[in-house]
Amino acid sequence: MALTPKNHSIPLSDGNSIPLIGLGTYSNPQNTPKGTALAAVKRAIEVGYRHIDGALIYCNEDEVGQAIREKIADGTVKREDIYYCGKPGDTFYPQDENGKCAYHKTDLCATWEAMEACKDAGLAKSIGVSNFNKRQLELILNKPGLKHKPVTNQVECHPYFTQPKLREYCQEKNIVIVGYSPLGTNRDPSWVNLECPPMLEDQLLTSIAKKYKKTTAQVCLRFNMQRGVVVIPKSFNLDRIKDNFQVFDFSLSEEEMKAIEGLNKNIRFVVLPFWADHPEYPFHEEY
Ligand code: A2P
């Protein structure tokens, strides 16, 4: 399939489809000026993005919504052309009296049934999961009375963490992988594992980028898109938002795809260590 700026969606198992590239919108709320997300999302829609990844917990979902509304109002897009991914919740990071994370008693199957009810009520068109390992996916897929299968699993995925096993499993089950941190994160030490070197400085990626007169970031994005992995690069920089969408005028050869796959280090940038003692912490298992 030739991917184009106007036609780069892939099918989901529920009959809907998802654009292979979307804009990520997580930015530390403490040092992101108000209005930045609004401007970024408007810019993204103007340069062709039709998929936005957001969440209530990013503390800017109101701006993301306002941007989408403004771009619909000025005729740039129609609501039905936008794929918006949201992630609801009630209390953010609840703590006990000792300041330790206070966990919900998580029942993933019951949570999934609530998600199914959202779809049935028309509150969401498609429902998926995030950070699920194989065991957790199986739990849902084998749930007695399962009504709607998860259509996506949003997990970390990029040339340094290619997810070969989880990807194969998801392919088998017709679950699309949405790759977060496709550029290797912002390397904020408060939540990023810096054992992994900066991916955008990788020699092989840089040399391939040079060959096509593209940026290393564009090569990283194209790599995942060509293997059917959706990418949601975050940028609030108006030039980089545009650059990251310029991934339709070149393609990587089979050898280059293989060589990039060979960069896999099996080390996550996003470990979420503060939740490692949660009974459903997903990253103790290999995949
Ligand atoms: P900024 O918002 O200033 O552009 P990821 O999506 O992998 O988590 O990466 C996001 C980080 O990468 C952000 O810090 C973002 O910063 C930066 N970034 C986004 N696009 C590019 C690019 N084309 N080149 C370099 N850095 C980028």
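Scroll up to find the structure.
Not measured: the values here are computed from a predicted model.

Rules of the game
Residues numbered from 1 in each chain as written. Predicted model: local features only at pLDDT ≥ 70, side-chain atom pairs only at ≥ 80, totals over all residues. Heavy atoms only, no water. Helix = DSSP H or I, 4+ residues; strand = E, 2+ residues; numbered from the N terminus. Rg over C-alpha atoms; globule rule 2.2 N^0.38 Å. Buried < 20%, exposed > 50% of the residue type's maximum accessible area, 1.4 Å probe, protein only. Areas by Shrake-Rupley, 256 points an atom, 1.4 Å probe, with all protein chains shown as cover. Lys, Arg positive; Asp, Glu negative; His and termini not counted. Charge placed at Lys NZ, Arg CZ, Asp CG, Glu CD. Near = heavy atom within 4 Å. Polar contact = N/O pair within 3.5 Å; in protein donor to acceptor, adjacent residues only side chain to side chain. Nonpolar A, V, L, I, M, F, W, Y, C, P; charged D, E, K, R; others polar. Contact = heavy atoms within 4.5 Å. Pairing = 2+ DSSP bridges. Right-handed = clockwise from strand over helix to strand, strands pointing away.

S.K.: Please clarify how the overall build of the protein should be interpreted in this entry.
M.R.: Helix and strand content of the protein: 9 helices and 9 strands. Since a compact globule built from 287 residues should have a radius of gyration of about 19 Å, the 19 Å found for the protein is in line with a globular shape. Overall, the protein is about 50 × 45 × 40 Å in size when its C-alpha atoms are taken along their principal axes. Across the 287 residues in the protein, those meeting the buried criterion constitute 46%. Surface summary for the protein: the accessible area is close to 14800 Å², and the carbon and sulfur share equals 52%. Of the charged side chains in the protein, 35 are positive and 36 negative, and the gap between their average positions amounts to 5 Å.

S.K.: When you look at the site of the ligand in this model, what are you seeing that I'm missing?
M.R.: In the neighbourhood of the ligand, 15 residues make up the surrounding shell, with Leu 183, Lys 234, Ser 235, Phe 236 and Arg 240 lying closest. Leu 183 has a polar backbone atom sitting 2.8 Å from an oxygen atom of the ligand. Isolated, the ligand exposes 570 Å² of accessible area, and the fraction of that covered by the protein chains is 78%. For the shell around the ligand, the residue count by class is 6 nonpolar, 7 polar and 2 charged.

S.K.: Got a minute to help me understand the side chain of His 158 in this structure?
M.R.: Its place among the elements puts His 158 in the loop between strand E7 (152–156) and helix H5 (164–172). Classification of His 158 as buried rests on a relative accessible area of 0%. At 2.7 Å, the side chain of His 158 and the side chain of Glu 156 are in polar contact. In contact with His 158, not counting residues within four places along its chain, are Ser 181, Pro 182, Met 199, Phe 223, Asn 224 and Phe 269.

S.K.: Would you mind going over the pairing of E7 with me for this structure?
M.R.: Within a regular strand, side chains alternate between the sheet's two faces. When you tally the buried positions in E7, you get 5 out of 5 residues, the bulk of the element. Pairing of strand E6 (residues 129–130) with E7, which is carried by 2 bridges, proceeds in the parallel orientation. Considered in E7, the bridge of Val 129 is made with Asn 153. As for the winding sense of the linkage, the β-α-β connection from E6 through helix H4 (residues 134–141) to E7 is right-handed.

S.K.: Sorry, what's going on with the pairing of strand E8 (residues 176–180) here?
M.R.: Of all 5 residues making up E8, 5 are buried, and the element is well covered by its neighbours. For E8 and strand E9 (residues 230–231), the ladder comprises 2 bridges, and the chain directions are parallel. Residue pairing for E9: Gly 179 is matched across the bridge by Val 231.

S.K.: Which parts of the structure should I look at to understand the sheet that holds strand E4 (residues 51–53)?
M.R.: Across a sheet, strands are paired by hydrogen bonds formed along the backbone, either parallel or antiparallel in direction. The 3 strands are arranged E3-E4-E5 in an open sheet whose pairing can be described as parallel. Edge positions in the sheet fall to strand E3 (23–24) and strand E5 (83–85), since each of these pairs with one other strand and no more. Strand direction decides the pairing type here: E4 and E5, joined by 3 bridges, are parallel. Within E5, the position partnered with Ile 52 by the bridge is Tyr 84.

S.K.: Can you help me understand the side chain of Ser 27 in this one?
M.R.: With respect to the element layout, Ser 27 can be found in the loop between E3 and helix H1 (36–47). Assessed through its relative accessible area of 12%, Ser 27 is described here as buried. At 2.6 Å, the side chain of Ser 27 and the side chain of Thr 32 are in polar contact. Excluding residues within four positions of it along the chain, Ser 27 makes contact with Thr 32, Tyr 58, Lys 234 and Phe 236.

Without other data, these values stay purely geometric and don't point to any function.
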